[in-house]
Amino acid sequence: MKFTFTHNNFNVTDLEKSLAFYKEALGLVEVRRKVATDNSFILVFLGDGVSKHQLELTWLRNWEKGTYNLGDNEFHLAFEVDDMEAARAKHREMGCICYENANMGIYFIVDPDGYWLEIVPKRQ
């Protein structure tokens, strides 16, 4: 028996805002979409065009709390980038860098719902 990664899920409060963020910040594009027959939820799967792994964004119509409780936000997704300086400049311009660790050579960006995304340099 062998298991392989397929996707991770983030619940979002504003689907269009999140789609725009992920496209601009990370180049992720919509791969497929599922809309509930009663329109109570929308699932949008995003891909990078290279790996099979996808990010599933879930929007719930009747989410009454307004935001999601992310706790201490100790979980995250990591993205490898081939040009760390260009990526950092883009993310600084977007104003979405929330933490930098110069000693490790990494930084984190934050999406519209507060999820942290780690940016790491491409390993040689």
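As recorded in an unreviewed UniProt entry, the chain goes by the name Aldoketomutase, listed as coming from Sphaerochaeta associata.

What follows deals with the layout of surface pockets. By volume, the largest pocket amounts to about 360 Å³. Looking at the largest pocket, it is lined by 17 residues, and the ones nearest its centre are Leu26, Asp48, Phe79, Glu80 and Val81. Only helix H1 (15-26), strand S5 (77-81) and helix H2 (84-94) provide two or more residues apiece to the lining of the largest pocket. When grouped by side-chain class, the residues that make up the lining of the largest pocket number nine nonpolar, three polar and five charged.

This part covers the side chain of Arg88. Note that Arg88 resides in helix H2. Classification of Arg88 as buried rests on a relative accessible area of 11%. With sequence-adjacent residues up to four places away left out, Arg88 is seen in contact with Ile97, Glu100 and Tyr107.

This part is about H1. Between its first and last C-alpha atoms H1 spans 16 Å; for twelve residues at 1.5 Å apiece the expected length is 16 Å, and the two agree. Within H1, the full set of buried residues consists of Leu15, Ser18, Leu19, Phe21, Tyr22 and Ala25. In an axial view of H1, the angular spread of the buried residues amounts to 160 degrees, which keeps them on one side of the axis. In H1, the exposed positions that point more than 90 degrees away from the buried face belong to Glu16 and Lys23. With a side-chain oxygen lying 3.3 Å from the backbone nitrogen of Glu16, the N-terminal cap of H1 falls on Asp14. Gly27, located one to two residues past H1, shows a positive phi value of around 70 degrees.

Cut-off values and rules
- Residues numbered from 1 in each chain as written.
- Predicted model: local features only at pLDDT ≥ 70, side-chain atom pairs only at ≥ 80, totals over all residues.
- Heavy atoms only, no water.
- 1 Å grid on protein atoms, 1.4 Å probe; cavity = no way out; pocket = protein on both sides within 12 Å on 5 of 7 lines; lining within 4 Å.
- Points joined across faces, edges and corners; volume = space filled by probe spheres on them.
- Helix = DSSP H or I, 4+ residues; strand = E, 2+ residues; numbered from the N terminus.
- Nonpolar A, V, L, I, M, F, W, Y, C, P; charged D, E, K, R; others polar.
- Buried < 20%, exposed > 50% of the residue type's maximum accessible area, 1.4 Å probe, protein only.
- Contact = heavy atoms within 4.5 Å.
- Expected span 1.5 Å × (residues − 1).
- Arc of directions from axis to C-beta.
- Polar contact = N/O pair within 3.5 Å; in protein donor to acceptor, adjacent residues only side chain to side chain.

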